[in-house]
Number of protein chains: 6
Amino acid sequence: MAKQIPWQERPAGSKEIMWRYDKNPVINRYDIPSSNSIFNSAVVPFKDGFAGVFRCDNRRVQMNIFAGFSDDGLNWRINPEPIDFKPFGDHFVHSDYKYDPRVTYLDGKYWITWCNGYHGPTIGVGFTEDFQTFYQCENALLPFNRNGVLFPAKIGGKYALLSRPSDNGHTPFGDIFLSFSPDMKFWGEHRHVMSPMPFEQSAWQCTKVGAGSVPILTEEGWLMFYHGVITTCNGYRYSMGAVLLDKDEPWKVLRRSKDYLLAPAAIYELTGDVPDVVFPCAALTEGDKVCVYYGAADTCVGIAFGKISEILDWLKKQ
Amino acid sequence: MAKQIPWQERPAGSKEIMWRYDKNPVINRYDIPSSNSIFNSAVVPFKDGFAGVFRCDNRRVQMNIFAGFSDDGLNWRINPEPIDFKPFGDHFVHSDYKYDPRVTYLDGKYWITWCNGYHGPTIGVGFTEDFQTFYQCENALLPFNRNGVLFPAKIGGKYALLSRPSDNGHTPFGDIFLSFSPDMKFWGEHRHVMSPMPFEQSAWQCTKVGAGSVPILTEEGWLMFYHGVITTCNGYRYSMGAVLLDKDEPWKVLRRSKDYLLAPAAIYELTGDVPDVVFPCAALTEGDKVCVYYGAADTCVGIAFGKISEILDWLKKQ
Amino acid sequence: MAKQIPWQERPAGSKEIMWRYDKNPVINRYDIPSSNSIFNSAVVPFKDGFAGVFRCDNRRVQMNIFAGFSDDGLNWRINPEPIDFKPFGDHFVHSDYKYDPRVTYLDGKYWITWCNGYHGPTIGVGFTEDFQTFYQCENALLPFNRNGVLFPAKIGGKYALLSRPSDNGHTPFGDIFLSFSPDMKFWGEHRHVMSPMPFEQSAWQCTKVGAGSVPILTEEGWLMFYHGVITTCNGYRYSMGAVLLDKDEPWKVLRRSKDYLLAPAAIYELTGDVPDVVFPCAALTEGDKVCVYYGAADTCVGIAFGKISEILDWLKKQ
Amino acid sequence: MAKQIPWQERPAGSKEIMWRYDKNPVINRYDIPSSNSIFNSAVVPFKDGFAGVFRCDNRRVQMNIFAGFSDDGLNWRINPEPIDFKPFGDHFVHSDYKYDPRVTYLDGKYWITWCNGYHGPTIGVGFTEDFQTFYQCENALLPFNRNGVLFPAKIGGKYALLSRPSDNGHTPFGDIFLSFSPDMKFWGEHRHVMSPMPFEQSAWQCTKVGAGSVPILTEEGWLMFYHGVITTCNGYRYSMGAVLLDKDEPWKVLRRSKDYLLAPAAIYELTGDVPDVVFPCAALTEGDKVCVYYGAADTCVGIAFGKISEILDWLKKQ
Amino acid sequence: MAKQIPWQERPAGSKEIMWRYDKNPVINRYDIPSSNSIFNSAVVPFKDGFAGVFRCDNRRVQMNIFAGFSDDGLNWRINPEPIDFKPFGDHFVHSDYKYDPRVTYLDGKYWITWCNGYHGPTIGVGFTEDFQTFYQCENALLPFNRNGVLFPAKIGGKYALLSRPSDNGHTPFGDIFLSFSPDMKFWGEHRHVMSPMPFEQSAWQCTKVGAGSVPILTEEGWLMFYHGVITTCNGYRYSMGAVLLDKDEPWKVLRRSKDYLLAPAAIYELTGDVPDVVFPCAALTEGDKVCVYYGAADTCVGIAFGKISEILDWLKKQ
Amino acid sequence: MAKQIPWQERPAGSKEIMWRYDKNPVINRYDIPSSNSIFNSAVVPFKDGFAGVFRCDNRRVQMNIFAGFSDDGLNWRINPEPIDFKPFGDHFVHSDYKYDPRVTYLDGKYWITWCNGYHGPTIGVGFTEDFQTFYQCENALLPFNRNGVLFPAKIGGKYALLSRPSDNGHTPFGDIFLSFSPDMKFWGEHRHVMSPMPFEQSAWQCTKVGAGSVPILTEEGWLMFYHGVITTCNGYRYSMGAVLLDKDEPWKVLRRSKDYLLAPAAIYELTGDVPDVVFPCAALTEGDKVCVYYGAADTCVGIAFGKISEILDWLKKQ
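As the structure is a computational prediction, the values presented were derived from the model and not from experiment.

Attention now moves to the sheet that holds strand β7 (residues 98-106) of chain A. Residues and elements named next belong to chain A. The mixed open sheet is built from 5 strands, whose spatial order is β6-β10-β9-β8-β7. Looking along the sheet, the strands with just one partner apiece sit at the ends: β6 (85-87) and β7. Sheet twist, expressed as the mean angle between neighbouring strand axes with direction ignored, is 35°. Where strand β9 (residues 121-128) and strand β10 (residues 134-136) come together, 3 bridges link them in antiparallel fashion. By the bridge assignment for β10, Thr128 is matched with Phe134.

Right, here's the structure in full:
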């Protein structure tokens, strides 16, 4: 991951741990012909540049995921047609809809996890090796579940998947759990990772929390960006925090943000299809630099920058 | 209706079926001295220009309807006082409030239908011949009902009224029905017309749908713009679609939009008294051109343009 | 109606205005082979005895209405199959379900009104002249509506129908309205009749009220038994009251019960498919005597007795 | 299973497919010293008689499961202390509470599945070989889930577990799913089995359905008793139906009851800690005879009898 | 309080800490001519016998409180008219309704506290010296509040009042607080006393708790019976527990029941206007004996017996 | 209060009773290093300039109050650390959080009232004489309460405190009450002041109302700015009105706005952490001029100007 990721230095005078790209949003709602909105999307280094899987809701507001490519991580060529998954082997696959993808590179494959419609939302799984041909596997878990994020390494010899069990609507609760699999097909050894925080301690994450980016391995453990939600009198507000998970037993939380790292404040985060949403789904790293991609107002994609060492230090103080 | 309606050509490069007027909103929230907001309003050709009935909520946020006039359909002179209806004949009339008017020209009269407060919202009916003197008739239907839209021709010799039965609050359901009357007083022969669509098929219209503009007779049937609603975690979002109803049996849906035609995306649609609302109430036509008037964010009035032939073609593909 | 109706004198020592039959319930939940429950049913004098239309939910808990006959009003022979309605003339008819019937004798016909499923509950209408052949007419009103009760005489030359507009669920509100029709097909001239009472004044009827029995013409006006509902922490409780409506303008309430006449207290009213329900649907009269048939706990049918003169006197004191 | 199970012949004159034991309830709420209620419990043949796992809520209304023994299936000796599970191998186990057990005999083990509290309700798994020593395994699934029922044979070489994904409260929805495992530890290949039925078709099961007894292998497929729920204005009512699943692909429903087999009607089903509940958790068979154990009113245990051949015939007619 | 209170010894074989009177209910729903129900009532020793203040809802289901007298605590003569309070001095008094009284003897006065309707429920206060003439004082607290219970002695020289702040409906939460007053008019020094318990620890009291009887001074502290509520899928269930409060700082909980002392199990507790309610409002003592009066199913009054020493011992074990 | 307050004349052509400062917001969300938002704050004249108490939510979205100072009322120096209250005398104090402060100068002290977290929100009380040292007193009232506003003079020799009893969430109701105290510690003589208005009369204040600024003594009575709330399909919208209370019996409303004075219309009021909020907390006066400080969108602070004489005249016309 020594590739050159999008980057801007911290603005003069700013003391923010993370700061926005000054040309946000990097992807706009109508950037492909069929789209109503493009948001909550995942990117990874790929070949000389970057590839990504993008949630593009169409004008029917049907949710689907699309492949896209970029040389610099800022200018994206998103395919006009959604990904056409083939069933993997004898796997049974079914998708009423697909949304909120994450992409994890592991063992030569780009694994895609997403919220998959099968009698309710659950965690869909697929992979590609070349971003041309895509295979869909069995759903990892039963409905109702969302925000499935796969670790980029096996833990204790097994695949490890974060998820947030849900209900069948706009779930007003939500903890992060971790499940393991020997084979990416059968899952078990479910562990509770973290809950919302009490209102008095950290209100922005008092309703629900969900995994965001693929965890980043640091010397101190797995660093992951996540979203937290507060319920105001006018609905949900989504913000971004970070958590450090134990390297070997990543259901153990070593440090966790009480402050948020990014909360809706820019006009493209405050207004759109769903006002007041910042929703991280991916992070690119280059040395100490990190660039987080996040959905804004369920409408477009923004990026924010930070330094891993600073984030880890900041987590120590929380 | 060969009068010159407001018009702008499709912007260069746009592939939209319908496009916004670039000087929207055409009516602003404070355009009469008493108003808090002016939206969800209806216009018709009248004499050399246009007349309209406007929903103007005052600073008490009391809802009432006002007459207005324009030479070009863009610049409006709205009366500062609400319409003063006289009871028609021995009709019993009562209005706790009036809102969301539609205007239908039929048999020499401009019929006005609106949401009328009588122990809950229901469909009020009145008419004028000159936009000076207005008569109010019996309510067509029992509460709880909204979005009453009268056809501009008798169907099978009877008046035909679309409506959307509701509850007494922010109704989370809503189908469009059609009722008939021999005399504009007694109504029956109620027919179901259309329901919301399943979330997976067309999410923007999965919570409720309601008739919008007065249907336009085309060679292929009645073309009507309607609104559809989705429930997000932050409330309702209102968008606009179109439907083609059978000419003689207009409770039969021939074609219906799965894509929306217009959804909240401009700042005056995304912010205001109720964010994320596009709510069509009237359409002017001139040959193949159509100009739709819609309420934006429950705050102001915008217009959008299209070509009937293109909309009909587009409906065929849906 | 000089026929001998079911009757028992007021129990010794009782000061109740109305009192229960001591062999209640007169109809039990399994009285026909297919039934899960028989309740909320209507009876009328017929030939030498009585006939009735009964709500019998089957073991699928599908709701339908059945004809039945009795010599004495106490022992009933209910047909094992539901009423097979023929469409009347060119009337469009559709029933997803039928429940809570009332029967009104008028102009040589026994009119049946019920809650009819057509894209939600509304008021179904039919008639028979002989309780052998039944005709179904157009629905009188749009959904969502329940508790349609037809007056047994024309008012001002028109048919008059009470109803209670509702929502699509367990409606937590409900007023009684009156609608008129020249022809039993088209309805209008809708009038509000009565609302729930404030909790502080008469709590048993503070959530909703609905017409019960067919109104009885007395010298002082139309006497009608109705149900009122209170919302406790454990759900709805249904009780019975009475109201006197103006003879010529029956949307005007002359007197109305603040006390209830009958509220759930017997074990067959307190327990069953829905605990705590007393729901009147019919009344037989013989001189000053009245015998009210009511559904108990949504499970069976009970009867209660009273004297019209006493009820009218009692209403004067309320 | 040729043991003599509890049995009474169908009462004279009855046409019921299943009928109650006339001395119900067989287990009463206070049958062990600490209990507030004993219900929703499972029994199996064991040695010369029967053993069972019982849900006994204590006077704190804490939920736990207890072993018990009986010679005749009617008179039970329930241990006064809850089952003391040992962790199986290196399995991680945690139980905030345990309720609604089922017991499946398979491969020499009595497998117990129950609703287990681990950051919400999910499916706990354990086993015993002698009803003296019990081992608890990893939870099969993530929260939120209830009504886990294990098949008594491997399907396609794998363990097969029915469950009903839920939310974290009194879930107002619920479908039955099937999951597979090669090893009773990791689960996948999740299949949808059946949903609630539409209100118009079979109202008693229109809110949610959940697996009840361990499926019984018949020549025609797997016969399973399940519960269905309707939401009345006073809450949930639980009834019992039956379903026939394909022998080899048991996620395929061959036949399913539209009528219920048993619904609350006896006083011990209509009143108790939760009125109007019939909740099957186990079935004993002896030749063609079947005896179903069900929780009544969340308070006590009743049994009902039937003949498998008759139930299968009845299912054909549904 | 050496008067002879109602009493029965513990039934043979029973190990219950408290047990019911075998002739319950001692007061029935229709025991005065106007009543719909008599429940949630308070009694005290008075002259040679007992006096009480009774909640009698009338046939309008209006709530009011009535005085009554008894020689033996079992047979009661309740006045047919509600208490006619005179304003005390210049106190402002207003009552839309009165319910759930408690009576505390202190400083020669019988203080009555009740739930008083003044723009919502709050704590009404009055007193009598002879149960003939009654005075009403200022409301102690603002709405919304219920279950006000006055200590029978001053604490630190001040009056001490328990209460349970509420909302304006069927409050789904509720803690017990303590407030102090130098003069029974102005209240402050509010202290939190106790909250509901977590579901896993003591589910019968997991939704809300409220003070019940007037605290009884024992050598170990103030013993008080209270109610706790659980929310089942069919509504609230009310049970009774006990708590021991510090003698001098009675906002400190010394011991508290995890088991309940009495929960709905008798038919008059399981069925009635609100099923599944046991609601203590008063306790009489005689030496070690205690007799608790409780409302049953919001319909009638039952009593239960126990021994104070045994209850205190039992609390030690909780 | 003859100090020079912030001021701009009414814009040319405007007929508004009150108008916004053209450089709003005067305080921005990030104006102190730790803040997420600064809003709902109170200012008073102090020494040569002004002092204030500010609600600054930090990046954990924990709510606390901070002191600040200004020479001109426009440019503020807010302390970076929250106010560190010392307990006053033997008063018991506890704060899970503090928000929405008001400041009242009375008897040489600056009294601060706020929403204080003590087992739910209630009215916290404190004071300072120099804005350096702050003392916290006992909470005035029990939870659940918000919007406590102290009169700047004793009424009838007693302290007088407005408040709005609430529930424990986003309370959907709310009246203003007045309570009295001889000593700022014990409170009683609670009086109802005003309720929301019926939807048909003044919809912007139909859900709840709460006291805003400290009342201003005029010759005609106490003038107070308050907030009113309407519930739209997308949540709450907060606007500002004014009320004139009787000088000597300030629970009597002499005149009250039906029109609002200010409702969300500027972009900083329409977008932010909670869209569509205008929430007044303080007013400065200078002769006939008044400058109201209000929270905007729960994010920042705006000011609006008016003339007291004009507001009083306007109230006369309402």
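Still more to cover.
Across the boundary between the two partners, chain A contributes 32 residues, which contact 32 residues of chain D. Each partner contributes to the roughly 2,500 Å² buried at the junction of chain A and chain D, and carbon and sulfur atoms together form 66% of this total. Counting the surface chain A buries against chain D, the share from its top three residues, Leu142, Phe186 and His190 of chain A, is 27%. Run the count over chain A and chain D and you get 4 salt bridges. Note that Arg191 of chain A and Glu138 of chain D form a salt bridge whose closest N and O atoms lie 2.8 Å from each other. Looking at the side of chain A that touches chain D, the elements that each hand over two or more residues are β12 (159-165), β13 (176-181) and β14 (188-194) of chain A. If you tally residues by element for the side of chain A that touches chain D, the top one is β14 of chain A, at 5 residues. Of the residues assigned to the side of chain A that touches chain D, the class counts are 14 nonpolar, 11 polar and 7 charged.

This next bit is on helix α2 (residues 308-317) of chain F. Here α2 of chain F has its buried residues at Ile308, Ile311, Leu312, Trp314 and Leu315 of chain F. Down the axis of α2 of chain F, the buried side of the element spans an arc of 160°, and every buried residue falls inside it.

It is worth spelling out the relation of the copies chain A and chain D at this point. Mapping chain A onto chain D calls for a rotation angle of 180° and an axial translation of 0.0 Å; the resulting RMSD is 0.0 Å. On this basis, the relationship between the two copies can be described by a two-fold rotation axis.

Turning our attention to the environment of Phe177 of chain A. Relative to the helices and strands, Phe177 of chain A is located in strand β13. With sequence-adjacent residues up to four places away left out, Phe177 of chain A is seen in contact with Leu161, Leu162, Ser163, Pro165, Arg191, His192 and Val193 of chain A together with Tyr118, His119, Leu142 and Pro143 of chain D.

Turning to the relation of the copies chain F and chain E, a few remarks are in order. With an RMSD of 0.0 Å, the fit of chain F onto chain E corresponds to turning through 180° and sliding 0.0 Å along the axis. Both copies contact each other with a shared surface, as 100% of the interface residues of chain F are interface residues in chain E too.

On to the sheet that holds strand β10 (residues 134-136) of chain F, then. All names here are of chain F. As summarised here, the arrangement of the 5 strands in space is β6-β10-β9-β8-β7, forming an open sheet in which the pairing is mixed. Lying at the two open borders of the sheet, with one neighbouring strand each, are β6 (85-87) and β7 (98-106). The sheet shows a mean angle of 35° between the axes of neighbouring strands, taken without regard to direction. In this structure, strand β8 (residues 109-117) lies alongside strand β9 (residues 121-128), joined through 8 bridges in antiparallel fashion. Bridging from a neighbouring strand, Thr113 pairs with Val125 of β9.

Moving on to the packing of aromatic side chains. Counted by the stated rule, this structure contains 180 aromatic pairs over all chains. Between Phe69 of chain A and Phe131 of chain A the ring centres are 6.1 Å apart and the planes differ by 80°, which places this aromatic pair in the edge-to-face class. With Phe69 of chain A in strand β4 (residues 63-70) and Phe131 of chain A in the loop between β9 and β10, this residue pair connects regions lying 62 residues apart in the sequence. Between Tyr97 of chain C and Phe199 of chain D, the ring centres sit 6.0 Å apart and the planes meet at 85°, which makes this aromatic pair edge-to-face. Of the two residues, Tyr97 of chain C sits in the loop between β6 (85-87) and β7 (98-106) while Phe199 of chain D sits in the loop between β14 (188-194) and β15 (208-211), which places them in two different chains. Among the residues examined, Phe199 of chain D registers a relative accessible area of 34% and is labelled partly exposed.

A few words on the interface of chain F and chain E. On the side of chain E, 32 residues touch chain F, which itself brings 32 residues to the contact. Here chain F meets chain E over a buried area of about 2,500 Å², counting both sides, of which 66% is carbon and sulfur. A per-residue breakdown of the area chain F buries against chain E is headed by Leu142, Phe186 and His190 of chain F, which together make up 26% of the total. Taken together, chain F and chain E are joined by 11 residue pairs in polar contact (both at pLDDT 80 or more).

What counts as what
Residues numbered from 1 in each chain as written. Chains lettered and ligands numbered in written order. Predicted model: local features only at pLDDT ≥ 70, side-chain atom pairs only at ≥ 80, totals over all residues. Heavy atoms only, no water. Pairing = 2+ DSSP bridges. Helix = DSSP H or I, 4+ residues; strand = E, 2+ residues; numbered from the N terminus. Axes fitted to C-alpha atoms, helices over the stretch in contact; angles between N-to-C directions. Contact = heavy atoms within 4.5 Å. Buried area = accessible area lost by both parts, 1.4 Å probe. Salt bridge = Lys/Arg side-chain N within 4 Å of Asp/Glu carboxyl O. Nonpolar A, V, L, I, M, F, W, Y, C, P; charged D, E, K, R; others polar. Buried < 20%, exposed > 50% of the residue type's maximum accessible area, 1.4 Å probe, protein only. Arc of directions from axis to C-beta. Least-squares fit on C-alpha atoms with pLDDT ≥ 70 in both. Phe/Tyr/Trp six-rings, centres within 6.5 Å; stacked < 30°, edge-to-face > 60°. Polar contact = N/O pair within 3.5 Å; in protein donor to acceptor, adjacent residues only side chain to side chain.

Honestly, it's all geometry; don't read function into it.
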